[in-house]
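# Architecture at a glance
Here are the chains, one letter per residue:
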Amino acid sequence: KTRYTNDPRNVELVKQPWRVVRQIRAGQVPCLDCDDLVCLLCALMLSIGREVQIVTVGFRRQHFNGQIQYSHVLVRVREPRSGRWVLLDPVAAEDTRSMIRRVQVVKIWPVA
């Protein structure tokens, strides 16, 4: 059980997965945003031998200092039997399929 909370304004915080697990095991409800949840999911999937990728998406073609800006992050996990990629959206504030239709920019980051 976690609680979704935005990062402080103009600050990008990423919580270490082991700290999040420690909080959950202690009965606490950690406050996380999408990148914290993605890090946790990646760590959990990697711990059971799954291949994962991080997917950053943007809902507008927005640039800052010449760089594309992304506003959400998800996880892709390769299902071992079929070899197909499964998309995990840890915050799913809306139906994931309708959210995906609004995506304008995507970048996939392999995780070693």
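When its secondary structure is counted, the chain shows 3 helices and 8 strands. For 112 residues, the compact-globule estimate of 2.2 N^0.38 gives 13 Å, and the C-alpha radius of gyration of the chain, at 15 Å, lies within 12% of that figure. Across its three principal axes, the chain shows a C-alpha extent of roughly 40 × 40 × 30 Å. Per-residue burial over the chain gives 24% buried out of 112 residues.

We now examine the sheet that holds strand β3 (residues 52-58). Hydrogen bonds along the backbone pair up the strands of a sheet, which may run parallel or antiparallel. Read from one edge of the open sheet, 4 strands run β7-β6-β3-β8, paired in antiparallel fashion. Every other strand in the sheet has two partners, leaving β7 (85-88) and β8 (105-110) as the edge strands with one partner each. Across the sheet, the axes of successive neighbouring strands diverge by a mean angle of 25°, strand direction being ignored. The pairing of β3 with strand β6 (residues 72-78) spans 6 bridges and is antiparallel. When the bridges of β6 are listed, threonine 56 appears paired with valine 73. Packed on one face of the sheet, helix α2 (residues 34-47) meets β3, β6 and β7 and runs near 15° to β6.

Rules and cut-offs
Residues numbered from 1 in each chain as written. Predicted model: local features only at pLDDT ≥ 70, side-chain atom pairs only at ≥ 80, totals over all residues. Heavy atoms only, no water. Helix = DSSP H or I, 4+ residues; strand = E, 2+ residues; numbered from the N terminus. Rg over C-alpha atoms; globule rule 2.2 N^0.38 Å. Buried < 20%, exposed > 50% of the residue type's maximum accessible area, 1.4 Å probe, protein only. Pairing = 2+ DSSP bridges. Axes fitted to C-alpha atoms, helices over the stretch in contact; angles between N-to-C directions. Contact = heavy atoms within 4.5 Å.

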